[in-house]
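Tertiary structure, described
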Amino acid sequence: MSEPSSFTLHVSEDTDSDGQEPSPDNEGALHASFHQLIQEQSSLVEASLELEMQARGREHPASPDACAAAWPEPGQGTQHPGYSSASLRILANMPSRTIGRSRGAIISQYYNRTARLRRQSSRPPLQQLCRAARPSLRQYDLETDPTRATLEDKRSLLVKELLSLSPSQRSHMLLTVPLSLAEKRTLRQELSGQRGPLRQLAQHRAPSSPCGWSKDYIVFGCRGLWYRLLSLLPAAQPWHYALKQIGGRFGSSVLSYFLFLKTLLMFNIISFLILLVFVVALQAAYPPASASPQPFTGLELLTGTGYFTHSLLYYGYYSNVTLNDPCASSPNGSVCPLTAPPLPYNMPLAYVFSVGVSFLITCVLLVYSMSRSFGESYRVGSSTGDLAIKVFCAWDFKVIQRRSVKLQHENIRTQLKELLAEQQSRSRSLSLCQRLGHSAVLLLAWALSLSTVLGCVLAVHYFSEHMHAVQQDHRAWGSGEQQQEAILLVLPLVVSLLNTLMPHLYNLLAMWEKQDSPVAQVYVAISRNLILKMVVLGLLCYQWLSRRVVCSTEECWETCVGQDLYRFVVMDFIFTLLDTLFGELVWRLILEKRLKRKQRPEFDIARNVLELIYGQTLTWLGVLFAPLLPAVQMLKLLLLFYIKKTSLMQNCQSPSKPWQASHMSTVFITLLCFPSFLGAAIFLSYTIWSVRPSETCGPFQGLETIYKSGKTWVQVLEKSNPNITWFAWVHQYLVENPFLLFFVSGVLLAVIYFNIQVVRGQRRIIRLLKEQIANEGEDKIFLIQKLHSVYEQRERRA
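Residues numbered from 1 in each chain as written. Predicted model: local features only at pLDDT ≥ 70, side-chain atom pairs only at ≥ 80, totals over all residues. Heavy atoms only, no water.

Attention now goes to the overall build of the chain. For the chain, the helix and strand inventory stands at 28 helices and two strands. Per-residue burial for the chain yields a buried fraction of 35% across its 798 residues. Long-range contacts, defined here as pairs at least 24 residues apart, represent 78% of the contacts in the chain between residues at least 6 apart. Per element, the accessible surface of the chain, about 46500 Å² overall, is 62% carbon and sulfur. (Helix = DSSP H or I, 4+ residues; strand = E, 2+ residues; numbered from the N terminus. Buried < 20%, exposed > 50% of the residue type's maximum accessible area, 1.4 Å probe, protein only. Contact = heavy atoms within 4.5 Å. Areas by Shrake-Rupley, 256 points an atom, 1.4 Å probe, with all protein chains shown as cover.)

So, about the environment of Ser354. Along the chain, Ser354 turns up in helix α15 (residues 347-377). Residue class for Ser354 comes out buried when judged on its relative accessible area of 5%. When the C-alpha positions of Ser354 and Ile274 are compared, they lie 6.6 Å apart, and in sequence the two are 80 residues distant. Excluding anything up to four places from it in sequence, Ser354 contacts Ile274, Leu275, Phe278 and Val279.

Moving on to the state of the cysteines. In this structure the tally under the stated criterion is one disulfide. For Cys556, the disulfide goes to Cys697, at an S-S distance of 1.5 Å. Taken as a pair, Cys556 in the loop between α21 (518-545) and α22 (557-594) and Cys697 in the loop between α25 (664-690) and α26 (708-720) lie far apart in primary sequence, 141 residues in all. No difference in accessibility class separates Cys556 from Cys697, as the two residues are buried. Left unpaired, Cys363 is separated from the closest cysteine sulfur, that of Cys673, by 6.3 Å. The exposure class assigned to Cys363 is partly exposed, which follows from its relative accessible area of 29%. (Disulfide = S-S within 2.5 Å.)

Moving on, we come to the environment of Met649. Position of Met649 relative to the elements: it lies in helix α24 (residues 629-651). The spacing of Met649 and Phe250 is 399 residues in sequence and 9.2 Å in space, taken between C-alpha atoms. Beyond its immediate chain neighbours, meaning those up to four positions away, Met649 contacts Gln245, Ile246, Arg249, Phe250 and Arg600.

When we look at a pair of aromatic rings, we describe it by the centre distance and by the angle of the planes. Evaluation of the coordinates by the stated rule reveals 23 aromatic pairs. Centre to centre, the rings of Tyr351 and Phe700 are 5.9 Å apart; their planes meet at 80°, and the pair counts as edge-to-face. With Tyr351 in helix α15 and Phe700 in the loop between α25 and α26, the pair connects residues that are 349 residues apart, well separated along the chain. A residue is classified by how much of its surface remains accessible, and Tyr351, at 2% relative accessible area, is buried. (Phe/Tyr/Trp six-rings, centres within 6.5 Å; stacked < 30°, edge-to-face > 60°.)

Here the focus is helix α19 (residues 481-488). Within α19 the residues assigned to the buried category are Gln484, Glu485, Ile487 and Leu488. In an axial view of α19, the angular spread of the buried residues amounts to 155°, which keeps them on one side of the axis. (Arc of directions from axis to C-beta.)

Moving on, we come to the side chain of Lys533. Secondary-structure assignment places Lys533 in helix α21. Buried and without a salt bridge, Lys533 has Asp572 as its closest oppositely charged side chain, separated by 5.6 Å. Once you skip the residues sitting within four places of it in the chain, Lys533 turns out to touch Asn499, Leu610, Glu611 and Tyr614. (Lys, Arg positive; Asp, Glu negative; His and termini not counted. Salt bridge = Lys/Arg side-chain N within 4 Å of Asp/Glu carboxyl O.)

At a minimum axis separation of 9 Å, α26 and helix α27 (residues 725-735) run at an interaxial angle of 160°. It follows from the interaxial angle that α26 and α27 lie roughly antiparallel. Crossing angle aside, the handedness with which α26 passes α27 is left-handed. Packed against α26, whose contacting residues are Gly710, Lys711, Trp713, Val714, Leu717 and Glu718, the element α27 presents Thr725, Phe727, Ala728 and His731 at the interface. Residue composition of the contact of α26 with α27, by class: five nonpolar, three polar and two charged. (Axes fitted to C-alpha atoms, helices over the stretch in contact; angles between N-to-C directions. Parallel < 35°, antiparallel > 145°, perpendicular 65-115°, else oblique. Left-handed = near helix turned anticlockwise from the far one by under 90°. Nonpolar A, V, L, I, M, F, W, Y, C, P; charged D, E, K, R; others polar.)

Turning our attention to a nonpolar patch on the surface. Together, Trp729, Tyr733, Leu734, Val735, Phe739, Leu740, Phe743, Val744, Val747 and Val751 give the surface a local cluster of nonpolar side chains, amounting to about 960 Å² of exposed area. Among the secondary structure elements, those contributing two or more residues to the nonpolar patch are α27 and α28 (739-797). Looking at which element gives the most residues to the nonpolar patch, the answer is α28, with six residues. (Patch = residues over 30% accessible without salt bridge, like charges linked within 9 Å, V, L, I, M, F, W, Y side chains within 5 Å.)

We now examine helix α8 (residues 151-163). Across its 13 residues, α8 extends 18 Å between first and last C-alpha, which sits within 8% of the 18 Å expected from 1.5 Å per residue. Listing the buried residues of α8 in full gives Lys154, Arg155, Leu158, Val159, Glu161, Leu162 and Leu163. (Expected span 1.5 Å × (residues − 1).)

Attention now goes to the environment of Leu264. Turning to its location among the elements, Leu264 is positioned in helix α12 (residues 240-285). Placed 349 residues apart in sequence, Leu264 and Ile613 show a C-alpha to C-alpha distance of 8.8 Å. Residues contacting Leu264, with those up to four places away along its chain left out, are Leu612, Gln616, Leu637 and Leu672.

Before going further, it helps to spend a moment on the pattern of salt bridges. Using the criterion set out here, one finds 10 salt bridges in the structure. Between Glu792 and Arg796 there is a salt bridge, with the nearest N and O atoms lying 3.7 Å from each other. Taken as a pair, Glu792 and Arg796 lie in helix α28 at a separation of four residues, close to a single helical turn. The class of Glu792 is partly exposed, set by a relative accessible area of 25%. Given a relative accessible area of 62%, Arg796 falls into the exposed group.

Here the phi dihedral of Trp239 falls at roughly 60°; this positive angle occurs in a residue that is not glycine. On the secondary structure map, Trp239 appears in the loop between α11 (210-236) and α12.

Here the chain shows a mean pLDDT of 76. Residues at 70 or above account for 71%. Within the chain, α24 carries the highest mean pLDDT (95), whereas helix α2 (residues 64-70) carries the lowest (38). For the stretch residues 1-31, pLDDT sits under 50, and the model shows 36 contacts to residues farther than four places along the chain or on other chains. Counted against residues more than four places away or in other chains, residues 59-81, with its pLDDT under 50, gives 27 contacts. (pLDDT = per-residue confidence, 0-100.)

It is worth spelling out the packing of α22 against α24 at this point. Between α22 and α24, the shortest axis-to-axis distance is 11 Å and the interhelical angle comes to 5°. Regarding the angle of α22 to α24, the classification is roughly parallel. Touching Leu565, Tyr566, Val569, Asp572, Phe573, Thr576, Leu577, Thr580, Glu584, Leu585 and Arg588 of α22 are Leu629, Val632, Gln633, Lys636, Leu639, Leu640, Ile643, Lys644, Ser647, Gln650 and Asn651, all from α24.

Right under this line is the structure:
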């Protein structure tokens, strides 16, 4: 008979150099604890298996079938026909099948952690103890205890160990334990129930002072107030529930439009606050001596002229003097006090710097939003596991209200539809002939769309020239003011009509193209609408800078440009409302009442998003000429949100082809940054540096360019105080010198290049880690097969 083989079981003791347990709130601590539990249970199972094999080998030395009959496994012949019962026993105790199988394993594991945390500072290392004093294996792990301790015993042991910890360690441990909220709530109740008698016993032993318990009550009260404030924080966000409702019912594609509208509203609020504090409010406090205001008739809300002409809305109202300076506002220059004002405020300098700072802050926020959106949408690594994550990990168990549960159910269902539709679109393949035919159709459709853009631009150019001549004739003939104001609305009306009708023509081209992917269809529609709107705006900007605006002798040409931009903003809002009315409400009634179809129109994302970008571009173009134009845009966006939301809920249906708009927010921010914001910044920069301002009105009258106001102020400051000559040097060599601009641009490009290289390196590391995971899986299969062969050889020898 073969001599039984001996074995040695090693119990690992974690003796770190610092001798401290990792913080329970650390993310890696949970994974480290599970890894330790895996090692402990694997070693224990291996030891028990070897003991049983030796015992059965001594009892039944010549019966190989007895070992197989000792551990009967149901389904052995169906699932693993070639594995023995011992191999199946090892497979059943693999880490992937032990962790998370029961609450008892988790409670036992955290009982061991709390016990080690409590005994760590007082217990000597395991190597310094004698063999009899070392802890036994059955006390070290409750899951392999042969007495099979019940779940209540394990919970009671965990509660006792938690009571021995400090309050901070106890709270961190309860936060990191992977149990449901009901289990955590039960543990907290048991802790509070057992902490009461202990506290009473401590009070009998040593009565505490009133300051001690009052301090505890204050701390608990402040903590509860803080938690309540944190729970109210999501509700304080604007349109929090409305956005969740839209995303759950219509998906992320429609939700991206409303999120983009919210982003634009934030940009306009920031610009409006800067201009209000530093320009508008101070000019309102020190109004200039202007002509008597005209009576308000109501037509000014459409035309922007009349009563609004000499108001804070436009450039011509602002003065070119130093505010709160008695000599500047005195009608007689000789009568003024000798002392200078305590806080002189140069309005021309404040005007140009406020516009520049608002653009700079908007640029920083745009770049930050774009980089953050890139980080969220274009994640490092693939998204092949999103469907499994959405199925098994998407539900939020903290949601208990009926309305929130229904909303979350709709949201998860819509997201699953989007993921399945995306995977289905990836699996489609076309033949060579189909690809060639589809490419020919695309080329022809693009040729037609570009030809329509060219026709629209020519039509706007010739029509604007005609309207310019008509306005001059009416001013020469002395026509009525209302008639002249009505003529001013014709050009914005024609441009807005083209911007409203052309997207529907592009939708007909999209139906002819028959794009398989709805994402590609939206991108193509956005590109065509963007080309049309940007080319028309470029033509209008050229006409405005060429002074092709009709103004009276007492008005600034900057005020006339601001009035034109105001009319374009208002007319764009009116046509957006009309398109919502006839394109969604009336079309739904026709489909339901006349055609008897159970179908509703879909929300056109491309057209609505381009309307937002177009309106925001008009606002940025008009900030210099109408400082209160961001306030008009804010009011417009607020009304648009509620009107579009109501129309969406009542008149529209979910997309017929669900698709995931993971990159859509990034595309919207990118289009807002480069064609829109960059174009407006170039237009205003050219106006400030190269265009001569008006001679009779405005904060920059009498100057060659607007930029000269800053240079003149620096020269005056240098003459008044020779001690600050360094400021003039800084302005000359850092502001006027273009080297700083090129240097900052080079640094920015270098940072972008390094970030791109870091992302590439992370992708390469992730690819290597995935290959390593696949190799480790093959290694496990290999080791299981080797283990199976070892047990078969032992059975044959026995």
